[in-house]
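Listed below are the residues making up each chain.
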Amino acid sequence: MNMRSTFSVALLMLGVLSAPPAMRSADAIDDKVLASVYHESLKAFYAGDNRSAHETLSQAIEAGSKDPRCYYIRGFANARLGRMPEAQQDFTKGAELESQDFDVF
């Protein structure tokens with residue numbers, strides 16, 4: 001992920017975390033921001049920047065993303081980084097989330 005992308009993701013996350021609680025309800029605004037963060041992490045992942053992908057996906061998850069794809073891609077990034085136990089945890093969590101609400105994703 002280049003410096004401009006990192007800065008963009010940081011600004012998106014800052015917007016989510018600094019919004020008043022009423023605006024932080026997990027729907028409209030947060031979903032768009034989290035989707036943007038997810039897409040930035042995919043760019044990093046497919047460019048081979050596994051550390052940035054992992055970091056960005058971790059931020060999305062910490063911000064409240066329930067998108068199983070975040071866990072799956074972070075799992076692949078963990079595997080590429082040689083972190084197999086963490087990768088397995090991410091794959092398990094992604095499958096758990098997907099099975100709970102498979103119509104959404």
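Position labels on residues start from 1 in each chain and follow its written sequence. Only residues with pLDDT of 70 or above have their local features reported here, since the model is predicted, and side-chain atom pairs are shown and tallied only from 80 upward, although totals for entire chains, interfaces and linings are computed over all residues. Values shown for side chains rest on all heavy atoms present in the structure; no hydrogens or waters enter the calculation.

> I would appreciate a short explanation of the environment of Leu 57 in the present structure.
The numbering of helices and of strands both runs from the N terminus, where a helix is a DSSP run of H or I of at least 4 residues and a strand a run of E of at least 2. Summarising the element assignment, Leu 57 is placed in helix H3 (residues 50-62). Spatially, the C-alpha atom of Leu 57 lies 6.1 Å from that of Ser 41, the residues being 16 residues apart in sequence.

> For this particular structure, what's the right way to read the packing of H3 against helix H4 (residues 68-80)?
Helix-helix packing is characterised by the crossing angle of the two axes and by the distance between the axes. The axes used here are C-alpha line fits, helices contributing only the stretch in contact, and every angle between their N-to-C directions lies in the interval 0 to 180 degrees. Running from amino to carboxyl end, H3 crosses H4 at an angle of 145°, the nearest separation of the two axes being 9 Å. Crossing angle aside, the handedness with which H3 passes H4 is left-handed. Two secondary-structure elements touch here, H3 through Asn 50, His 54, Leu 57, Ser 58, Ala 60 and Ile 61 and H4 through Cys 70, Tyr 71, Ile 73, Arg 74, Ala 77, Asn 78 and Arg 80. Left-handed describes a crossing in which the near helix is turned anticlockwise from the far one by less than a right angle; the clockwise case is right-handed. Note on contacts: a residue pair qualifies if any of its non-hydrogen atoms lie within 4.5 Å across the two residues.

> Quick question: what am I supposed to make of the packing of aromatic side chains here?
Any aromatic ring pair is given by two values, namely how distant the centres are and how the planes are angled relative to each other. Stacked, tilted and edge-to-face are the three classes applied to pairs of Phe, Tyr and Trp rings, where Trp contributes its six-membered ring and a pair requires centres within 6.5 Å; stacked means planes under 30 degrees apart, edge-to-face means over 60, and tilted covers the rest. Applying the stated criterion across every chain, the model contains two aromatic pairs. Between Phe 45 and Tyr 46, the ring centres sit 5.2 Å apart and the planes meet at 75°, which makes this aromatic pair edge-to-face. Throughout this description, the term charge over a ring refers to an Arg CZ or Lys NZ atom that lies within 6 Å of the ring centre and within 35 degrees of the ring normal. When the ring centre of Tyr 38 is taken as origin, the NZ or CZ atom of Arg 69, which lies over that ring, is 4.7 Å away. Taking the ring centre of Phe 45 as reference, the NZ or CZ of Arg 80 above it sits at 3.9 Å.

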